[in-house]
Amino acid sequence: MNIQVSVGKPSRDSATHFDVLIVGAGISGIGAAYHLTKQRPGTTFVALETQETFGGTWLTHRYPGIRSDSDLHTFGYSFKPWTSAPIATSAEIMKYLGEVIEENDLARHIRYRHKILSASWSSQENLWTIEAVRTDTGEALRFTANFLWMCQGYYRHSEGYAPEWKDMARFKGTIVHPQTWPENLDYKNKKVVVIGSGATAATLVPAIAADVEHVTMLQRSPTFFITGRNAIVLAEQLRELQVSEEWIHEIVRRQILHNQAVFTRRAFEEPETVKNELLSAVRAVLPEGYDVDTHFTPSYRPWRQRIAFVPDADLFKGIASGKASVVTDEIERFTETSILLKSGKTLEADIIVTATGFNLSEMGDIAFAVDEKPLKFSDTVTYQGMMFTGVPNLVWVFGYFRASWTLRVDLVADFVCRLLEHMKAKGVKKVTVQLRPEDSDMPILPWIDEENFNPGYMLRGMHLLPKRGAKVEWQHTQDYWNEKDRIPAIDLDDVVFVYGDRPAKAKASAA
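Reference entry: report on the structure contained in this document. Source: prediction; values computed, not measured.

**Focus: the overall build of the protein**
Secondary structure summary: the protein contains 13 helices and 27 strands in total. Taken against the 2.2 N^0.38 rule, which gives 24 Å for 511 residues, the C-alpha radius of gyration of the protein at 24 Å falls within 12% of a compact globule. Expressed along its principal axes, the backbone C-alpha trace of the protein runs to roughly 70 × 55 × 50 Å. In the protein, buried positions account for 55% of the 511 residues. Counted over contacts in the protein with a minimum sequence separation of 6, partners at least 24 positions apart contribute 71%. When the 57 basic and 64 acidic side-chain charges of the protein are each reduced to a single mean position, those positions are 2 Å apart.

Below, the structure written as C-alpha cells:
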C-alpha cells in the first residue's frame, strides 16, 4: 500500500483509501488494530502516528524512573498476558507493545511520522478526508476513510503544562518539564526541586534521590497514594502451581478488578475510613512524628483525583532516608538560585522540575469539519463517552481514571467492530448518534462532574470537551464495572443511532 504523493496539495484522486483510519499508535491505537485484525478480517485499515515509532506516552515521556501508575495485569491487554511485576517501567511496556505488534503482524498497518492536520466529513460521499504531512520529508498526503477511530490520547505530547511564576526568567539554573526531559541532564550531586505532587513527581523523586545532593517535592496541596509490594501474591502462587500464563492473566485481572471495584465503592460510601487506611500505610513508612497531616492529607475525598500506586513505598522511603523531602507551600517568585515561597521560606536549587501536569489536547489538535462546516466538539453531546451527536462514523477512545486506561480500549474496540459489522449487515455507510425525543429536556452539562472527578488538566480544558447529558448513556461515567456490562449490551438499532441518509428525528447537538 504505497502512498501516492503529488506535487503540492494532493488531489482527491491521489488519496489512499481505507475502510478504517486509526489516529495514533500508542496503547489505544495498537489495541484497535489488533481487534480489527481478529474481529473483522479483511477490513482495510491504517494507523497514522506522528512520532517516529509506536508507544505514545511510553515513547515521549523519558524522565528518570518513568513507570505505570496502575498494574499491568489490567493496563495490559485482555488478549496478551502480563508476566512481570505489576508496576512496569516504560521500557518494559514498550517491549510488551512491540511484542503485540510483532506477534499479530500489525507493523504493516502503521505509518510513522504522519502528522494529521485536518479531517473533513462529506455526507455526499460518506467519507472522511484526512490531510496529513510527513514530518521527515514535508510531503503532503491525503487519505480517505469510511470510519475514523480516534486513539491519540487526550494530552499534547509536544509540551507539558507549566504555570508562569513570577521572575522565572531570573533563575540561572535549569528548568525542565518531565514531558520534555533532556537526554543528558546531569543532576548528580545537585539540589533539585520538583514542583508537583502527582504520579510523575512521586515517580521522579525516588528515582533520582540516590544521585542528587537533595531533592525536594514542592506541592501546593497533598495527594493520596496507595503503597504496597510491586507483586501480586495470587500470581506468584499460581505460577508455583504451574498454571498457564493465560489462566493467570485472566484470574489475576478478575481479582484486581474486583478489589478495585470494592475500593472505589468504599471511597464513595465510607471516605473517612478509606482516607485513614491510606494515611496509615504512609505513616508506617515515614519517621515517627512526621507531619502527615500537612504533607500527605488531601482536602478532598479519596478518588476525587487519580490515586497513584507507589511500589514498595519508594517515595516515602526516600523521605525517611533524608535524601528527599516534601514542602507544602505556594510559590511567591523565583530568584537567581532559588524559589521563594509565600511562607517566606527559600528553597535553593540547581535544577527545578515542573511536574505540573499536561495540556489537554481535544481530538489531537486536528481541524475537523463536517460538510465543510468547522466542527467544535464542545458543541456536541457525547454518547457513552465515545461517539458525538452530529459527527458521523467516528469513535473516540477515552480511557478510565479509576481503573486502567486500557480496559476501555478493549471495550470500545469490541463496540466498534460490532458497529461496523452491523452497518455492513444493514447495507449502510453512515452512522450518527442523536438525542432522542425523550432527551429534549435533558440538562446538558460539562464533560466531567467536578464533584466526582476534578484534576487540574480536566478543569483547564473542560471548555474544549464535548458535553454530557444528565442520563447515563450520554456520559463517560468513568465506571468500568458498570460499562463492562452496559457497552456490550448496547442495542445498535436503538433510535439513538441514525443510519444511512435518514434524517435525524431529534436535536443532534448541544448548540
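Additional details are given in the paragraphs that follow.
**Structural notes on the side chain of N393**
Mapping N393 onto the fold places it in the loop between β22 (387-388) and β23 (394-396). Residue classification places N393 among the buried positions, given a relative accessible area of 1%. Here the side chain of N393 touches N146 through a polar contact of 2.8 Å, landing on its backbone oxygen. Of note is the side chain of N393, whose polar atom sits 2.7 Å from the backbone nitrogen of V431. N393 has contacts with W121, W128, N146, F147, L148, M423, K429, K430 and V431, leaving out every residue within four places of it along the chain.

**A word on the environment of L286**
Inspection of the secondary structure puts L286 in the loop between α8 (271-283) and α9 (292-295). We classify L286 as buried; its relative accessible area is 6%. Considered as a pair, L286 and S244 are 42 residues apart in the sequence and their alpha carbons are 39 Å apart. Apart from the residues within four sequence positions on either side, L286 is in contact with V292, F296, F316 and I319.

**Some details on the packing of aromatic side chains**
Counted under the stated rule, the structure contains 36 aromatic pairs. With 6.5 Å between their ring centres and 70° between their planes, W181 and Y187 make a pair best called edge-to-face. Taking 5.4 Å as the distance between ring centres and 80° as the angle between the ring planes, the aromatic pair formed by F377 and F388 counts as edge-to-face. Taken as a pair, F377 in the loop between β20 (373-374) and β21 (382-383) and F388 in strand β22 lie far apart in primary sequence, 11 residues in all. The burial state of F377 is the same as that of F388; both residues are buried. The aromatic ring of Y161 is capped on one face by R460, whose charged end is 3.5 Å from the ring centroid.

**Notes on the sheet that holds strand β17 (residues 351-354)**
In spatial order, the strands read β8-β17-β9-β10-β13; together these 5 strands make up an open sheet with parallel pairing. The sheet is open, and its two borders are formed by β8 (174-176) and β13 (324-328), each paired with just one other strand. Within this sheet the neighbouring strands show an average axis-to-axis angle of 20°, counted without direction. As paired strands, β8 and β17 are joined by 3 bridges and run parallel to one another. Pairing of V176 across the sheet is with V353, part of β17. Against the sheet, helix α5 (residues 199-209) touches β9 (191-195), β10 (214-219), β13 and β17, its axis set at about 165° to β10.

**What about the packing of helix α7 (residues 245-269) against α8?**
Packing of α7 against α8 brings their axes to within 5 Å, and their N-to-C directions diverge by 120°. One way to sum up the angle between α7 and α8 is to call them oblique. Of the residues in α8, those touching α7 at F263, R266, A267, F268 and E269 are P271, T273, V274, E277 and L278. Residues of the contact of α7 with α8, tallied by class, amount to 6 nonpolar, 1 polar and 3 charged.

**Examining the sheet that holds strand β14 (residues 331-334)**
In sheet architecture, strand pairing relies on hydrogen bonds along the backbone and comes in two forms, parallel and antiparallel. Strand order in this open sheet of 3 strands is β14-β15-β16, and the pairing throughout is antiparallel. One side of each edge strand has no neighbouring strand; the edge strands of this open sheet are β14 and β16 (346-348). Neighbour-to-neighbour, the strand axes of this sheet turn through a mean angle of 20°, independent of strand direction. Examined bridge by bridge, strand β15 (residues 338-341) and β16 share 3 bridges and lie antiparallel to one another.

**Looking at helix α4 (residues 90-103)**
Across its 14 residues, α4 extends 20 Å between first and last C-alpha, which sits within 8% of the 20 Å expected from 1.5 Å per residue. Here α4 has its buried residues at S90, I93, M94, Y96, L97, G98, V100 and I101. At the C-terminal side of α4, D105 shows a positive phi close to 55°.

**As for the nonpolar core**
With 144 residues, the main nonpolar core has W149, F368, F415 and F497 as its most contacted residues. With 12 residues, helix α11 (residues 405-426) is the largest single contributor of residues to this core. Among residues more than four places away in sequence, those in contact with F368 are A119, W128, L148, M150, M363, K373, P374, L375, F377 and L394. Core analysis: the second largest hydrophobic core is formed by 14 residues, I195, V327, I331 and F334 among them.

**Digging into the side chain of K275**
Residue placement: K275 occurs in helix α8. Buried K275, no salt bridge; nearest opposite-charge side chain is E272, N-O distance 4.2 Å. Setting aside anything within four residues of it in sequence, one finds K275 in contact with F224, T297, P298 and P302.

What counts as what
- Residues numbered from 1 in each chain as written.
- Predicted model: local features only at pLDDT ≥ 70, side-chain atom pairs only at ≥ 80, totals over all residues.
- Heavy atoms only, no water.
- Helix = DSSP H or I, 4+ residues; strand = E, 2+ residues; numbered from the N terminus.
- Rg over C-alpha atoms; globule rule 2.2 N^0.38 Å.
- Buried < 20%, exposed > 50% of the residue type's maximum accessible area, 1.4 Å probe, protein only.
- Contact = heavy atoms within 4.5 Å.
- Lys, Arg positive; Asp, Glu negative; His and termini not counted.
- Charge placed at Lys NZ, Arg CZ, Asp CG, Glu CD.
- Polar contact = N/O pair within 3.5 Å; in protein donor to acceptor, adjacent residues only side chain to side chain.
- Phe/Tyr/Trp six-rings, centres within 6.5 Å; stacked < 30°, edge-to-face > 60°.
- Lys NZ or Arg CZ within 6 Å of the ring centre and 35° of its normal.
- Pairing = 2+ DSSP bridges.
- Axes fitted to C-alpha atoms, helices over the stretch in contact; angles between N-to-C directions.
- Parallel < 35°, antiparallel > 145°, perpendicular 65-115°, else oblique.
- Nonpolar A, V, L, I, M, F, W, Y, C, P; charged D, E, K, R; others polar.
- Expected span 1.5 Å × (residues − 1).
- Core = buried A, V, L, I, M, F, W, Y, C linked by side-chain atoms within 4.5 Å.
- Salt bridge = Lys/Arg side-chain N within 4 Å of Asp/Glu carboxyl O.

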